[in-house]
Amino acid sequence: MAHGDIMFFFLDDFFINLCVIITLTVLYVPLRSKLKITAMPFWQKGIIDGVLCGLNSVMLIIFSIEVAEGALVDLRFIPIMLIILLEGLFPAIIASIVVIAGRFLIGGMSDFSVSAVFLMIALVIGFQLIHKLYQPHQGKRTYIKAVVMIFYSNIVFTITMMFHFQNDYLSLLSFLPVYCFISFVGGLTSLFFVRYLGKTEMLLAKYKEEVSTDFLTGLQNMRSFEKVWGQVVNKAVIKEEKLTILSLDIDQFKQINDTYGHPAGNQILTQFGDILSRNIRSFDMAFRNGGDEFSIVLPNCSIENALEVAERILEDVKAHPFQISQKESIYITVSIGAATYPDTCSNPLQIIHQADEALYKAKHSGKNQVYPAKTSSPNEL
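The notes below deal with the structure included here. (Residues numbered from 1 in each chain as written. Predicted model: local features only at pLDDT ≥ 70, side-chain atom pairs only at ≥ 80, totals over all residues. Heavy atoms only, no water.)

## Some remarks on the packing of helix H4 (residues 89-107) against helix H5 (residues 111-133)
With their axes 9 Å apart at the nearest point, H4 and H5 run at an angle of 165° to one another. Considering their axes alone, H4 and H5 lie roughly antiparallel with respect to each other. Considering how the two elements wind past one another, H4 and H5 form a crossing that is right-handed. Residues Leu 89, Ala 92, Ile 93, Ser 96, Val 99, Ile 100, Arg 103, Phe 104 and Gly 107 of H4 pack against Phe 112, Ser 113, Val 114, Ala 116, Val 117, Met 120, Val 124 and Gln 128 of H5. Across the contact of H4 with H5, the residue classes tally to 12 nonpolar, 4 polar and 1 charged. (Axes fitted to C-alpha atoms, helices over the stretch in contact; angles between N-to-C directions. Helix = DSSP H or I, 4+ residues; strand = E, 2+ residues; numbered from the N terminus. Parallel < 35°, antiparallel > 145°, perpendicular 65-115°, else oblique. Left-handed = near helix turned anticlockwise from the far one by under 90°. Contact = heavy atoms within 4.5 Å. Nonpolar A, V, L, I, M, F, W, Y, C, P; charged D, E, K, R; others polar.)

Shown next as structure tokens:
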């Protein structure tokens, strides 16, 4: 076979290596976000990232190019480089262990397999030192570090290959320049895809949060309420748990807006949202329905416990000086209606209507009070 044909197949195989890296990256980055791996404990996250990174490198070994008997050339260093740049040393160590084990399983016990152990150790140590000690002042630091790491990996790889090709340097020179070129292209392309996909996932998460979150108070909005309400009701019915909803309305909010202006009203809404958040349990849900209307969903909560929560909110609001400017603060009150399945309502689908009716009675009975559904008189504080 002519030298040109050999070079063609060599490039073709390296292109497959590059496709494998990009494909696995495109699959893993969104999956990592969906499984919320970043929120896991350090050790658990490191092990998962390391194992999957190592398997990525092992996959590259499977698609490697045999340039001599037992000598496999591939881009296995790239996942290791990426994991050190983006996640740190611990997952890189886990990944290198997986790669070493995979190399012995694929290639058996040979001089090249033993060399692979020292190669991985040298790469991990070198990559980590470059990552920690080399701090370029220019922009795009990650890419500059990647270039230095790839250059270092090529040096280590060349030294390793020279040891095995002592009597045939011409064979080494026949593929080494192409390997170095492809390693730079593959490494930088992979880094670009990882960073691009990471930014895309962050933007998607931000957009999802904005769609379901009220921009002013940080509470969930009506879109989110409509999404979760059916699930909450079904859970209460199936598990035979009590379910309470509180309907809240800031008293005389329109008059406050007219007197102090809408910016002051926005300040009040923001602080009011904070009060609601700090007075409910971690699994309770507070919503801004629109304007000055709010609701709180209390799963597995009786009417008695719900009234205690409502009264606590009532007192907190009444005692809180709402800052509307740097020099001025005002005091406000809130009216609250409460309804509970099955304490006040046998049909869970009627809870919202009941809570709204109770709120209406609280507003028209003097405001600044909690009114439970189906009671003849409000619980005034």
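## Remarks on the side chain of Lys 145
Relative to the elements of secondary structure, Lys 145 occurs in helix H6 (residues 141-164). The charged side chain of Lys 145 is buried without a salt bridge, its nearest counter-charge being Glu 87 at 14 Å. A polar side-chain atom of Lys 145 sits 2.7 Å from the main-chain carbonyl oxygen of His 131. With residues up to four places along the chain from it excluded, the contact list for Lys 145 reads Leu 85, Ile 130, His 131, Tyr 134, Gln 135 and Pro 136. (Buried < 20%, exposed > 50% of the residue type's maximum accessible area, 1.4 Å probe, protein only. Lys, Arg positive; Asp, Glu negative; His and termini not counted. Salt bridge = Lys/Arg side-chain N within 4 Å of Asp/Glu carboxyl O. Polar contact = N/O pair within 3.5 Å; in protein donor to acceptor, adjacent residues only side chain to side chain.)

## A look at the packing of H5 against H6
At a minimum axis distance of 10 Å, the contact between H5 and H6 shows a crossing angle of 155°. The angle between the axes of H5 and H6 places the two elements in the roughly antiparallel class. Read as a crossing pair, H5 and H6 show a hand that is right-handed. Of the residues in H6, those touching H5 at Asp 111, Phe 112, Ser 115, Leu 119, Ala 122, Leu 123, Gly 126, Phe 127, Ile 130 and His 131 are Lys 145, Val 148, Met 149, Tyr 152, Ser 153, Val 156, Phe 157, Thr 160, Met 161 and His 164.

Worth remembering: the numbers are spatial, not functional.
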